[in-house]
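Commentary on secondary and tertiary structure
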Amino acid sequence: MPTPSQRTHGVTLVEASLVISLLGILLAVSIPAFIRALRTSKTEEAPRELERMYRAVAAYYDSPQTTAAGKRVHCLPEPAGPTPEKPSRDPRPAVFATSAMGGATWHALGYEPAEPIRYRYSFLPLRAGCGELPADSRGEPVLTLRAEGDLDGDGVLSKFERTAVMRDGALSLEPLLVVHDRIE
């Protein structure tokens, strides 16, 4: 019978089973969490770009615009989008100012995505023109900013919307982000 000093070094079946079980548990927990985090990171683009779009619209609304009647403020351009025409599973560069779907509006607003995008974007005012909006819309939207994306390529679109209202003659972005099928 070997003494403890003569015992050969090795892994017993119980020890190997324990290590494999722990690795299995670790993978079972971490892989779904990783996939969920990856999907969620894809949805961060839409709220960020809708906020940037609103800032461009608000700057346009408060800046004097040249019209047939002279310089006017409190103007909104014509609707634009969806731009690009189709969303993409992977981020792609897009030039909004040359878009067939409202390129002149995107150019007037000075809005271009800062980086490649997955979603298509729309600017939908209640009325275009100068002085066309009520001084107070009583909570009714005067414009909608929309992002639509197909993150998994199945044809079902995620939809993110932000609206703006008029309060005391000023354009005000509503804090609520409305989301339909976030990760579809």
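Residues numbered from 1 in each chain as written. Predicted model: local features only at pLDDT ≥ 70, side-chain atom pairs only at ≥ 80, totals over all residues. Heavy atoms only, no water.

On to the pairing of strand β8 (residues 158-167), then. The buried fraction of β8 amounts to eight of the ten residues, a majority that puts the element mostly inside the structure. Judged from the seven bridges that link them, strand β7 (residues 143-149) and β8 form a sheet pairing that is antiparallel. By the bridge assignment, Arg146 is partnered in β8 with Glu161. Taken together, the three bridges between β8 and strand β10 (residues 178-180) define a ladder with antiparallel strand orientation. Considered in β10, the bridge of Lys159 is made with His180. (Buried < 20%, exposed > 50% of the residue type's maximum accessible area, 1.4 Å probe, protein only. Helix = DSSP H or I, 4+ residues; strand = E, 2+ residues; numbered from the N terminus. Pairing = 2+ DSSP bridges.)

So, about the nonpolar core. Counting 33 residues, the largest nonpolar core has Val57, Trp106, Tyr121, Phe123, Leu143, Leu145 and Leu171 as the members making the most contacts within it. Elements with a minimum of two residues in this core: α2 (45-62), β3 (75-76), α3 (103-109), β5 (120-125), β7, β8 and β9 (170-173). Counting residues per element, this core draws most heavily on α2, at nine residues. The residues contacting Trp106, other than those within four sequence positions of it, are Met53, Ala80, Gly81, Thr83, Phe96, Ala97, Ser99, Met101, Tyr111, Tyr121, Ser122 and Phe123. (Core = buried A, V, L, I, M, F, W, Y, C linked by side-chain atoms within 4.5 Å. Contact = heavy atoms within 4.5 Å.)

Here the protein chain averages 89 in pLDDT, and 94% of its residues register 70 or above. When pLDDT is averaged over each element of the protein chain, β5 comes out on top at 97 and helix α1 (residues 13-42) at the bottom at 82. (pLDDT = per-residue confidence, 0-100.)

In this model α2 runs 26 Å from its N-terminal to its C-terminal C-alpha over 18 residues, within 8% of the 26 Å that 1.5 Å per residue would give. Here α2 has its buried residues at Glu45, Ala46, Glu49, Leu50, Met53, Tyr54, Ala56, Val57, Ala58, Tyr60 and Tyr61. (Expected span 1.5 Å × (residues − 1).)

Looking now at the pattern of salt bridges. Two side chains bearing opposite charge may form a pair once their charged atoms approach each other closely. Using the criterion set out here, one finds nine salt bridges in the structure. Taking the shortest distance from any N to any O, the salt bridge between Arg162 and Glu51 comes out at 3.7 Å. Taken together, the residues span a long stretch of sequence, with Arg162 in strand β8 and Glu51 in helix α2 at a distance of 111 residues. The exposure class of Arg162 is buried, given its relative accessible area of 12%. Given the relative accessible area of 28%, Glu51 is considered partly exposed. (Salt bridge = Lys/Arg side-chain N within 4 Å of Asp/Glu carboxyl O.)

This brings us to the packing of aromatic side chains. Applying the stated criterion across every chain, the model contains six aromatic pairs. Geometrically, the ring pair formed by Phe96 and Tyr111 is edge-to-face, given 5.5 Å between the ring centres and 75 degrees between the ring planes. Note that Phe96 is positioned in the loop between β4 (80-83) and α3 and Tyr111 in the loop between α3 and β5, a separation of 15 residues in sequence. By the burial criterion, Phe96 is buried, and Tyr111 matches it. On the numbers, 6.3 Å between centres and 40 degrees between planes, the contact of Phe96 with Tyr121 is tilted. (Phe/Tyr/Trp six-rings, centres within 6.5 Å; stacked < 30°, edge-to-face > 60°.)

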